[in-house]
Amino acid sequence: MFDIFQMAFMQRALVIAIFISIFTPLIGNTIVLKRLSSIGDALSHAGLAGVAIGLCFSWSPVVSAIVFSVISALIIEYIRRGFPNYSEMATAIVLSFGVGVAAVFSGFIKNAASFNSFLFGSIVSTFELVVVVVLSIAVIIILLLLYRELFYIAFDEEGAALSGVPVKSINLIFTILTSIVVSIAARTVGALVISSLMVIPVACSMLISKSYKQNVIFSVIFAFIFTIAGLLVTAVYDLKPGGTIVLIGIAFLIVLLLLRKRK
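Described in the following lines is the structure provided in the data block. (Residues numbered from 1 in each chain as written. Predicted model: local features only at pLDDT ≥ 70, side-chain atom pairs only at ≥ 80, totals over all residues. Heavy atoms only, no water.)

### Describing the overall build of the protein chain
Scanning the protein chain from terminus to terminus reveals twelve helices and zero strands. Sequence-ordered secondary structure for the protein chain, helices as α and strands as β, is α-α-α-α-α-α-α-α-α-α-α-α. When the 263 residues of the protein chain are sorted by exposure, 50% land in the buried category. The contacts of the protein chain with a sequence gap of at least 6 include a subset with a gap of at least 24, amounting to 75%. For the protein chain, the exposed area adds up to about 12700 Å²; of that, 70% sits on carbon and sulfur atoms. (Helix = DSSP H or I, 4+ residues; strand = E, 2+ residues; numbered from the N terminus. Buried < 20%, exposed > 50% of the residue type's maximum accessible area, 1.4 Å probe, protein only. Contact = heavy atoms within 4.5 Å. Areas by Shrake-Rupley, 256 points an atom, 1.4 Å probe, with all protein chains shown as cover.)

The structure is reproduced here in structure tokens:
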């Protein structure tokens with residue numbers, strides 16, 4: 001069974017899976033604590049629109065997804081500042097915008113299979129591997145450098161601002177990082193399920209952790225287990241990696257909920 005990981009395409013997928021299992025929970029913890037789980041859906045659909053545009057004009061779909069997602073992240077922040085009391089409206093607007101653009105441009109894509117591979121995940125090329133690794137390292141470093149600021153903002157934005165934390169700047173950086181994470185993970189996991197991977201490991205971790213630090217560590221461990229197990233099942237049974245990873249994560253979450261209920 002494990003001989004499958006000797007193949008080049010599975011080795012590329014394994015490298016990306018390791019990075020995904022690190023940066024998605026790091027982003028996910030802040031998203032969950034700030035009650036912004038829907039932002040992952042909005043940016044994933046924006047990234048899907050970027051993929052459609054890239055495929056129409058023969059650009060790199062990963063790069064175009066990143067560019068379009070970052071632009072969408074800036075739009076979200078702009079709308080949130082214009083409607084401070086209705087910040088959730090920004091994610092709904094960008095999600096609708098992404099769906100609309102993706103729907104229009106997908107009609108001009110000659111090879112529908114290439115577009116569908118971004119919906120639920122697929123195996124990546126060598127070029128996409130290099131892009132993902134470079135951006136992943138940059139994202140992880142920035143998230144670790146902003147660990148304390150994100151911790152304060154996640155629990156109390158007003159208190160963080162009074163303590164001297166540049167809340168607006170940190171929120172902008174965090175939103176941009178989220179857009180990059182969604183874009184680079186969409187190729188392997190799938191644009192329609194990447195937001196679930198940012199939330200489910202965090203939810204599992206919250207059931208057993210006793211502190212924020214433990215929650216971050218356990219969520220990374222859970223994400224790693226879900227991703228590797230999903231890739232293994234995908235390779236053996238020829239399934240879509242994104243859906244498989246998410247279903248394994250949900251199964252873990254249900255088991256943990258049942259065990260907690262028994263205790």
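### Points about helix α2 (residues 38-56)
Along its 19 residues, α2 runs 28 Å from first to last C-alpha, staying within 8% of the 27 Å computed at 1.5 Å per residue. Of all 19 residues in α2, 15 are buried, a share of seventy percent or more. Within two residues after α2, Ser58 carries a phi angle of roughly 60 degrees, on the positive side. (Expected span 1.5 Å × (residues − 1).)

### Thoughts on the side chain of Ser179
Position of Ser179 among the secondary structure elements: in helix α9 (residues 167-189). The class for Ser179 is buried, based on a relative accessible area of 0%.

### Considerations on the nonpolar core
Considering soluble globular proteins, one finds that nonpolar side chains tend to be buried as a cluster. Within the largest apolar cluster, 70 residues are counted, with the highest numbers of intra-cluster contacts made by Phe23 and Ile27. By residue number, the principal contributor to this core is α9, which donates eleven residues. Residues within four places of Phe23 in sequence aside, it is in contact with Ser136, Val139, Ile140, Leu143, Val181, Ile184 and Ala185. (Core = buried A, V, L, I, M, F, W, Y, C linked by side-chain atoms within 4.5 Å.)

### Description of a nonpolar patch on the surface
A cluster of nonpolar side chains, Ile18, Ile217, Ile221, Phe224, Ile225 and Phe252, forms an exposed patch at the surface whose accessible area comes to about 470 Å². No other element matches helix α11 (residues 212-237), which puts four residues into the nonpolar patch. Overall, the relative accessible area of 33% leaves Phe252 in the partly exposed class. (Patch = residues over 30% accessible without salt bridge, like charges linked within 9 Å, V, L, I, M, F, W, Y side chains within 5 Å. Salt bridge = Lys/Arg side-chain N within 4 Å of Asp/Glu carboxyl O.)

### Points about the environment of Val199
Along the polypeptide, Val199 turns up in helix α10 (residues 194-206). Val199 sits 171 residues away from Gly28 along the chain, and the two C-alpha atoms are 5.6 Å apart.

### Looking at the pattern of salt bridges
Across all of its chains, the model carries one salt bridge by this definition. Taking the shortest distance from any N to any O, the salt bridge between Glu157 and Lys34 comes out at 3.3 Å. Here Lys34 lies in the loop between α1 (8-33) and α2 and Glu157 lies in helix α8 (residues 157-162), a separation of 123 residues in the sequence.

### What about the side chain of Thr175?
Locating Thr175 in the fold gives a position in helix α9. Not counting residues up to four positions away in its chain, the partners in contact with Thr175 are Ile39, Leu43, Ala73, Glu77 and Arg80.

### Concerning the packing of aromatic side chains
Following the criterion strictly, the structure yields ten aromatic pairs and no others. Relative to Phe155, the ring of Phe151 lies with its centre 5.2 Å away and its plane at 65 degrees, an arrangement referred to as edge-to-face. Of this pair, Phe151 and Phe155 are both found in helix α7 (residues 147-155), four residues apart, which corresponds to roughly one turn of the helix. The class of Phe151 is partly exposed, set by a relative accessible area of 28%. (Phe/Tyr/Trp six-rings, centres within 6.5 Å; stacked < 30°, edge-to-face > 60°.)

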